[in-house]
Amino acid sequence: MPIGSSLCPQPAPDSHAVCLCPGASHSHQPFPLWTQSLYDSRAHWPFPSMRTAPRCQLSCTCCLRPPAPTVPGWLWHPACCLSSKTNPKALLAAVMSQFKYANGKYESFLERTFPRFYLLYSTFMKGFRTLFSEAKEIRRIKLNMSLQKIDFHQLPYREMERLRQFRRDLIKAIPIGLLSIPPFANYLVFVLMYLFPRQLLIRHFWTPKQQSEFLNIYHGMRREVYPDIMDSLEQVTRFLADQKLRNQMQELCIKVQGGSHPEVAKLLAVRSLFSGHPLSLQRLRICQVKALSRVLFLTPHLPSLFLRYRLQSHLVELQHLDRALLKLGVSDLSEEEVKMACYVRGLNSTHLSPSECQKWLKQWLQLSCELKDSEVSLLAHSMVLLSTNYLGAKE
């Protein structure tokens, strides 16, 4: 008698049998006898559930089928069931939610275990998010300018300032991008960015402590040329032909060098000297142009023709910003915007309160919006005259 025939008798060839396995409800023709011997050797099968499965009266594949794999709970999401009806957006949302969860766990681990590294990591991540959102905003502004056919000076103040600052940040980031092009050079760039954050990183990647420290350093660098600019003004004043203007200018220089803050009316009284000979941008000596360029954080290492053109374009741009700011109103600016506006115009606002910054900014707008484009030389010199002795700006 064949092996297993007494245990599992075979039905007639033309009959149908029902599988007695748990959960099975199908009828089928009997399978060959070799499946019975395979079932008898189930003690050596890899799956425990298969070893203890009840024996079917028929030799069938229900007892030979391995158990369905268990799915981890965190993957058991309706959107993760891959089918033709699966919504790709729901699947992407599920994946992103799990990624955010894992990222939150990772950040919590870093904050507990490596607090100093976590500070750098969080600053970089926040900087990348801010830079990405700002790039989207710049793209929107450029698109609106193209559709509405308007120029830079016709934009509102905040959009104009955002464009100006983004352009300066982009210029600073270009060397880093070029250094990252060679293979494996990005590792060197990361080391350099860690060692020299002030020189290589833009403001989005500075910590609050670094931002205050670096702004003080930059202001100290431009403050170094303030005495040279005042000495140049005093020397030029001695050779003025107009006695009245010479006396007014000498009085203004003595007042500033003596530690007093000048009045806006005194500056407007000598405005004619800065539109022609001897103090217009085209008549200034090259050493004066270089000193004024450093006040606006422009490189002085360019030919004189480019220096004058670049200085004048930045001063005209600053004047457009002032006119847009006058329309908006100083009181509508946030504390951070007020301090940054003062800093751009020559005042070290890191040690000043928002009310003191607002007061100084109103004085500046009173002067700037009265000047013509041909008198922007006075605007450049006023960055020194108005900021040298204002309250605690010396610190």
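Residues numbered from 1 in each chain as written. Predicted model: local features only at pLDDT ≥ 70, side-chain atom pairs only at ≥ 80, totals over all residues. Heavy atoms only, no water.

### Topic: a nonpolar patch on the surface
On the surface, a nonpolar cluster with roughly 410 Å² of combined accessible area is contributed by Y106, F109, F114 and F117. Considering the arrangement of structural elements, one finds F109 in helix α3 (residues 88-113). (Patch = residues over 30% accessible without salt bridge, like charges linked within 9 Å, V, L, I, M, F, W, Y side chains within 5 Å. Areas by Shrake-Rupley, 256 points an atom, 1.4 Å probe, with all protein chains shown as cover. Salt bridge = Lys/Arg side-chain N within 4 Å of Asp/Glu carboxyl O. Helix = DSSP H or I, 4+ residues; strand = E, 2+ residues; numbered from the N terminus.)

### Quick look at the layout of surface pockets
Considering only enclosed or pocket space, the largest pocket measures out at about 2,100 Å³ in volume. Together, 50 residues line the largest pocket, and Q165, D169, R203, L215 and M340 are the ones closest to its centre. Elements with a contribution of two residues or more to the lining of the largest pocket: α4 (115-148), α5 (157-179), α8 (208-223), α13 (304-328) and α14 (335-344). No other element matches the 11 residues that α5 contributes to the lining of the largest pocket. In this structure, the second largest pocket encloses a volume near 470 Å³. When residues of the lining of the second largest pocket are traced back to their parent elements, those giving at least two are α4 and α6 (185-195). Ranked by residues supplied to the lining of the second largest pocket, first place goes to α4 with 9 residues. The residue inventory of the lining of the second largest pocket, partitioned by class, reads 14 nonpolar, 3 polar and 1 charged. (1 Å grid on protein atoms, 1.4 Å probe; cavity = no way out; pocket = protein on both sides within 12 Å on 5 of 7 lines; lining within 4 Å. Points joined across faces, edges and corners; volume = space filled by probe spheres on them. Nonpolar A, V, L, I, M, F, W, Y, C, P; charged D, E, K, R; others polar.)

### Description of the nonpolar core
Counting residues in each nonpolar core, the largest one holds 67 residues, and the members touching the most others are L233, M249, L273, F274, V295, L311 and W364. Among the elements that make up this core, the one with the highest residue count is α13 (8 residues). Formed by 11 residues, the second largest nonpolar core is a distinct cluster that contains M193, F205, F214 and L215. (Core = buried A, V, L, I, M, F, W, Y, C linked by side-chain atoms within 4.5 Å. Buried < 20%, exposed > 50% of the residue type's maximum accessible area, 1.4 Å probe, protein only.)

### Remarks on the packing of helix α12 (residues 286-295) against α13
The N-to-C vectors of α12 and α13 enclose an angle of 45°; their axes lie 10 Å apart at closest approach. In terms of orientation, α12 and α13 fall into the oblique class. Like other packed secondary-structure pairs, α12 and α13 cross with a definite hand, here left-handed. Residues I286, V289, K290, L292 and S293 of α12 touch α13, and the partners they reach there are S304, L307, R308 and L311. In the contact of α12 with α13, the residues fall into 5 nonpolar, 2 polar and 2 charged. (Axes fitted to C-alpha atoms, helices over the stretch in contact; angles between N-to-C directions. Parallel < 35°, antiparallel > 145°, perpendicular 65-115°, else oblique. Left-handed = near helix turned anticlockwise from the far one by under 90°. Contact = heavy atoms within 4.5 Å.)

### So, the pattern of salt bridges
As enumerated under the stated definition, the model contains 11 salt bridges in all. Put simply, E337 and R158 hold a salt bridge, and the shortest N to O gap is 2.9 Å. Taken together, the positions of E337 in helix α14 and R158 in helix α5 put the pair 179 residues apart, joining distant regions of the chain. Looking at R158, the relative accessible area reads 33%, which means it is partly exposed. Of the charged contacts in the structure, one is a salt bridge between D169 and R203, with a shortest N-O distance of 3.1 Å. Of this pair, D169 sits in helix α5 while R203 sits in the loop between α7 (197-200) and α8, and the two are 34 residues apart along the sequence.

So yeah, pure geometry; function would need other evidence.
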